[in-house]
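Secondary and tertiary structure notes
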Amino acid sequence: MDVVPAEVLADTVDRRTVDRDLCALQLDGYLRRLARQEAVCRRVLGRLARSFLAGRYHHRLGFARLGDYTRERLSLSAREVQELARVAERLESLPAIAAAFAAGDLSWTQTRLLATAATADSEHEWLALARDRTVRALEALVARPPADPDERHRLRFSLRCPRRVRARWRQAVELARRMAGSELSLAQAAEVIAAEALSAAPAPIDDRPPREAPPEPIDTPADAGWSPVDVPIPEDVEKLLELGPWRDPFALDERLRAARRAMQRIDWQMGVLLRTFFDLRLHRAFGFPSASRYVAERLGLSARKARALIALERGLRRTPVLAAAYRGGAVSWLRALTVLPVATAADAWVGRAGEVTLRRLVAEVEWALDRRDAGLPPAPPPPDAALAPVEWQMRAHHDETLAADITFAAPPSVVALFRGALEAFRPPGAPLWRGCEKVLEHVCGEWEAQPRHRDPVFARDGWRCAVPACTSRANLHCHHVLYRSAGGDNSRENRVTVCAWHHLRGIHLGRIRAHGTAPHAIMWEIGLRRGRPPLMRTVGDRYLS
């Protein structure tokens with residue numbers, strides 16, 4: 001197959017002179033080849049994850065929750081890892097479907113759907129259906145509606161507002177998470193905020209759907225000067241299934257990360273090609289009514305994943321240092337998406353992305369965005385610095401410019417509840433963001449007025465577990481870094497906040513070791529093993545080499 005010319009992938013090319021049919025054939029060939037390789041990576045990840053989940057090995061590695069491990073080590077959600085493991089397990093009992101997938105006759109999306117519906121007795125019938133139907137038709141046959149009908153559809157809520165209101169929104173979301181004792185999504189936080197507000201000012205709920213936000217303009221920066229198709233596809237990751245013992249959690253972690261790195265390399269290549277494919281609308285050359293349909297039918301990918309790859313690719317073209325780190329695997333998918341809003345041509349944020357845990361990186365980016373909204377430079381904070389909130393009462397309090405957005409996707413009932421709360425607090429004739437500002441001021445005031453714990457250590461540590469990568473906010477314990485039985489005192493410098501699991505089953509069972517001075521000079525050794533270095537070693541949330 002001929003290499004796609006680099007000028008076709010450039011943003012500066014005159015699209016009217018491009019041979020669209022030839023370009024469509026070339027890009028389609030590369031995209032299908034990459035999609036096939038990604039599907040193989042997914043199956044390998046699923047088989048490895050199956051053994052990992054069966055042994056609950058994230059506990060052996062020092063992580064209280066599966067989601068904390070998958071986000072920090074694999075840049076995947078716990079649900080996605082569990083889904084990969086489920087499909088891999090189902091394929092063990094469906095040899096015909098597994099063979100069709102191995103031969104390339106089925107895409108990953110088709111395989112996942114068939115693994116959900118087929119049995120050992122019906123897999124041949126389902127295979128015939130898959131060969132004769134589109135992915136969309138197959139989804140209609142297989143899909144099972146959720147138990148809650150309201151969860152079948154999700155609406156996008158978007159509200160233009162001044163920057164100070166968005167900063168207050170972030171503060172309210174953080175307080176909602178503290179009150180709930182867990183990492184709520186934005187939709188869940190919005191529901192909690194609305195419920196708290198309506199409990200003080202009940203009002204009829206407006207159930208009209210929110211207006212769609214206008215599409216953002218597409219930036220077209222200069223070409224980066226490289227062609228993704230010149231880089232070879234990663235080596236066959238199926239060899240990872242043949243190495244070493246299966247009951248060693250550290251070996252499984254290493255193999256999972258190796259498969260994920262190969263998958264990320266493929267994602268980068270697909271993002272570059274899909275950007276050109278979508279921009280030129282090459283789906284028309286194959287008779288598809290939309291690019292989303294092309295992606296689902298020809299590549300076996302979801303439209304959401306394709307759009308995310310393209311959005312990341314567009315952002316990375318504006319930050320070449322971050323792009324190089326992402327292509328080389330130094331920065332993971334989640335870390336690149338986290339840093340993208342504040343990354344510039346300089347490499348300060350890129351270096352920071354590899355120095356700290358994902359939990360700390362998210363907090364620093366949010367802190368930098370608040371500073372930018374307040375008119376301050378969004379540079380990375382000093383290592384281990386406390387992220388003090390920006391005082392909006394001191395800066396631009398009367399700025400009425402609608403330069404920010406509050407957005408989230410949620411079921412219609414949650415959107416209606418949130419809009420109802422805004423309407424209840426909106427002064428007559430005022431814009432909706434005024435009601436939002438009053439709602440957020442009310443709930444922040446109510447929650448901040450709640451009685452504080454008498455021990456200031458919990459507030460100092462942000463009412464969350466201080467173990468790196470842990471997201472727990474509930475069942476918090478005060479741990480003495482130097483045990484009192486070993487002569488440790490009760491000073492604040494010798495005490496740190498940890499969750500119950502990390503305290504009782506991590507530290508006291510020898511899976512984690514902590515020593516140093518609280519709060520920022522504690523050395524954490526996570527995933528201890530006899531005779532070998534630990535899985536992770538950090539000072540606070542900053543990695544040690």
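Structure's up top.
1. Some details on the pairing of strand β6 (residues 521-526)
Pairing of strand β5 (residues 512-517) with β6 involves 6 bridges; the strand directions are antiparallel. Bridge pairing links A514 to W524 in β6. Adjacent in sequence and paired antiparallel, β5 and β6 are bridged by 3 residues. Bridge analysis of β6 against strand β7 (residues 536-539) gives 4 bridges, and the strand direction is antiparallel. Paired with E525 across the bridge in β7 is R537.

2. Describing the sheet that holds β6
Strand order in the open sheet formed by 4 strands is β5-β6-β7-β8, and the pairing between neighbours is antiparallel. The sheet is open, and its two borders are formed by β5 and β8 (542-543), each paired with just one other strand.

3. Describing the pattern of salt bridges
Going through the model one piece at a time under the given rule, you end up with 28 salt bridges. Between E355 and R352 there is a salt bridge; the shortest N-O distance is 3.3 Å. Classification of E355 by relative accessible area gives partly exposed; the value is 36%. For R352, a relative accessible area of 5% puts it in the buried group. In the salt-bridge network here, residues are joined through shared partners; they are E38, R42, E80, D267 and K305.

4. Some remarks on the pairing of strand β4 (residues 495-499)
Burial within β4 is extensive, with 5 of its 5 residues counted as buried. Residues R495, T497 and C499 of β4 are buried on one face, and the alternating residues V496 and V498, pointing to the opposite face, are buried as well. As paired strands, strand β3 (residues 476-480) and β4 are joined by 5 bridges and run antiparallel to one another. Note that in β4 the partner of H477 across the bridge is V498.

5. Quick notes on helix α12 (residues 249-279)
An ideal rise of 1.5 Å per residue puts 45 Å on 31 residues; α12 measures up with 44 Å between its terminal C-alpha atoms. For α12, a buried count of 24 out of 31 residues is recorded, marking the element as mostly surrounded by other parts of the structure. You can read the cap of α12 off the contacts: a side-chain oxygen lies 3.1 Å from the backbone nitrogen of F250, and it is on D248. R281 sits one or two positions beyond α12 and adopts a positive phi of about 55 degrees.

What counts, and at which threshold
Residues numbered from 1 in each chain as written. Predicted model: local features only at pLDDT ≥ 70, side-chain atom pairs only at ≥ 80, totals over all residues. Heavy atoms only, no water. Pairing = 2+ DSSP bridges. Helix = DSSP H or I, 4+ residues; strand = E, 2+ residues; numbered from the N terminus. Salt bridge = Lys/Arg side-chain N within 4 Å of Asp/Glu carboxyl O. Buried < 20%, exposed > 50% of the residue type's maximum accessible area, 1.4 Å probe, protein only. Expected span 1.5 Å × (residues − 1). Polar contact = N/O pair within 3.5 Å; in protein donor to acceptor, adjacent residues only side chain to side chain.

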